[in-house]
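Secondary and tertiary structure notes
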Amino acid sequence: MKRTAFFISDGTGITAEALGNSLLAQFGSISFNKVTLPYVDNAEKANEAVRVIDKAGNDDGHRPLVFDTIVDEATRAIIATSSAYKIDVFSAFLKPLELELGSHSSYSVGKSHSINEVNTYMDRIESVNFAMENDDGAKTRHYDKADIILTGVSRCGKTPSCLYMALQFGIRAANYPLTDSDINSTELPEVLEPYRDKLFGLTIDPFQLAAIRHERRANSQYASLDQCEDEVQSVERMLRQQNIPYINTTHFSIEEIATRIIAQKGLQRRIK
């Protein structure tokens, strides 16, 4: 079965996407065509959205799903005229929350993704800059300022995990790739030894690692299965012997990897 799901907002649409994707992920047997319509903030745009929604329903033979976080009641009323099954996030959650808190919502567009607190915004920017400057072992002299240092073989997910933790949570994350000389030893690289308490290892299935590396350097020794198996086994052995915590990233998304690291290391989020 194929269904079209729309994420509609008078802001960025990020909140609608997050909620909608979390719910749709529970239905693995259904193929969803996902469409995001951000900044639907007037009647003209709302009517155009209704046209697109209804066309999708006619093409699919099933009514579309609509997840919306539109604040303006008049705009929401127009969207409600579509043929879709509609999940109105604000009406479903804000009204009961108003009753519980004894306070009215401000009904402001984009509050959760705007720059409301300068300090929080600067924490995010500084953390992203830190992750980029301390990527791939490029600089090690700033490791004393890191909250976490990821290590592991090349292409196991260190860089995207660092950037995600920086962007989402304001965590200052560095990463250090283990080279051939590092892998052939059971000892930690000398540069990492002073920061043992900040280390966290990432490992990966050798078959997946070979496939990822093949996209980067096809038919190279670097991407060969033998090389990948040897590196992964050696790194896992080192991490175990040095009592460094690590996780296998093979079946985890970047979001899951980051969340598990934060939980296992007890990292404090600067952005909450």
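Residues numbered from 1 in each chain as written. Predicted model: local features only at pLDDT ≥ 70, side-chain atom pairs only at ≥ 80, totals over all residues. Heavy atoms only, no water.

1. Some points on the overall build of the chain
- Check the secondary structure of the chain and you find ten helices and eight strands.
- For 272 residues, the compact-globule estimate of 2.2 N^0.38 gives 19 Å, and the C-alpha radius of gyration of the chain, at 23 Å, exceeds that figure by more than 25%.
- Residues classed as buried in the chain amount to 40% of the 272 residues present.
- Here the contacts in the chain between residues at least 6 apart in sequence split such that 70% fall between residues at least 24 apart. (Helix = DSSP H or I, 4+ residues; strand = E, 2+ residues; numbered from the N terminus. Rg over C-alpha atoms; globule rule 2.2 N^0.38 Å. Buried < 20%, exposed > 50% of the residue type's maximum accessible area, 1.4 Å probe, protein only. Contact = heavy atoms within 4.5 Å.)

2. Side note on the packing of helix α8 (residues 206–216) against helix α9 (residues 225–241)
- Put simply, α8 and α9 touch, their axes get as near as 9 Å, and they point 125° apart. With respect to α9, the element α8 is oriented oblique. When you trace α8 past α9, the crossing you get is right-handed. Here Pro206, Phe207, Leu209, Ala210 and Arg213 of α8 come into contact with α9, specifically with Leu225, Gln227, Cys228, Glu229, Glu231 and Val232.
- Tallied by class, the residues present in the contact of α8 with α9 amount to seven nonpolar, one polar and three charged. (Axes fitted to C-alpha atoms, helices over the stretch in contact; angles between N-to-C directions. Parallel < 35°, antiparallel > 145°, perpendicular 65-115°, else oblique. Left-handed = near helix turned anticlockwise from the far one by under 90°. Nonpolar A, V, L, I, M, F, W, Y, C, P; charged D, E, K, R; others polar.)

3. Considerations on the nonpolar core
- One finds Ile148, Ile149, Leu150, Met165, Leu202 and Ile261 to be the most contacted residues of the largest nonpolar core, which totals 41 residues.
- Mapped onto this core, the elements with two or more residues apiece are α5 (118–133), β5 (148–152), α6 (158–169), β6 (173–177), β7 (199–203), α8, α9 and α10 (254–265).
- With residues near it in sequence (within four places) discarded, Ile149 still touches Tyr143, Ala174, Leu192, Tyr195, Lys198, Leu199 and Phe200.
- In terms of nonpolar packing, the next biggest core, distinct from the first, is built from 14 residues, Ala49, Ile70, Ile78 and Ala84 among them. (Core = buried A, V, L, I, M, F, W, Y, C linked by side-chain atoms within 4.5 Å.)

4. Considering the pairing of strand β1 (residues 2–8)
- Of all seven residues in β1, six are buried, a share of seventy percent or more.
- Bridging between β1 and strand β2 (residues 31–37) involves seven bridges; their strand directions are parallel. Considered in β2, the bridge of Phe7 is made with Thr36.
- Running through helix α1 (residues 14–24), the crossover from β1 to the neighbouring parallel element β2 is right-handed.
- With four bridges joining them, β1 and strand β3 (residues 65–68) adopt parallel strand pairing. (Pairing = 2+ DSSP bridges. Right-handed = clockwise from strand over helix to strand, strands pointing away.)

5. Points about the sheet that holds β7
- Strand order across the open sheet formed by four strands is β6-β5-β7-β8, with parallel pairing between neighbours. A single partner strand is all that each edge strand has here, and the edge strands are β6 and β8 (246–248). Across the sheet, the mean angle from the axis of one strand to that of its neighbour is 25°, orientation sign disregarded.
- Of the strand pairs in this sheet, β7 and β8 are connected by three bridges, and their pairing is parallel. Paired with Leu202 across the strands is Ile247, a residue of β8.
- α9 rests against β5, β7 and β8 of the sheet, and its axis sits at about 150° to β8.

6. Considering α8
- Of the residues making up α8, those classed as buried are Pro206, Leu209, Ala210 and Arg213. Along the axis of α8, the buried residues cluster in a sector spanning 100°; they form a single face. Turned more than 90 degrees away from the buried face of α8 sit Phe207 and Glu215, all of them exposed.
- Buried residues along α8 sit in contact with α9.
- In this structure Asp205 caps α8, since a side-chain oxygen of it lies 2.9 Å from the backbone nitrogen of Phe207. (Arc of directions from axis to C-beta. Polar contact = N/O pair within 3.5 Å; in protein donor to acceptor, adjacent residues only side chain to side chain.)

7. A short note on the packing of α6 against α10
- Two numbers describe how α6 lies on α10: the axes approach to 9 Å, and their chain directions differ by 75°. Judged by the angle between their axes, α6 and α10 are roughly perpendicular. Residues Pro160, Ser161, Tyr164, Met165 and Phe169 of α6 form the contact with α10, whose participating residues are Ile254, Glu255, Ile257, Ala258, Ile261 and Ile262.

8. Observations concerning unusual backbone geometry
- Not every positive phi belongs to a glycine, and Arg155 is a case in point at roughly 75°.
- By the element assignment, Arg155 lies in the loop between β5 and α6.
- The phi angle at Asn243 is positive, at roughly 60°, despite the residue not being glycine.
- Position of Asn243 relative to the elements: it lies in the loop between α9 and β8.

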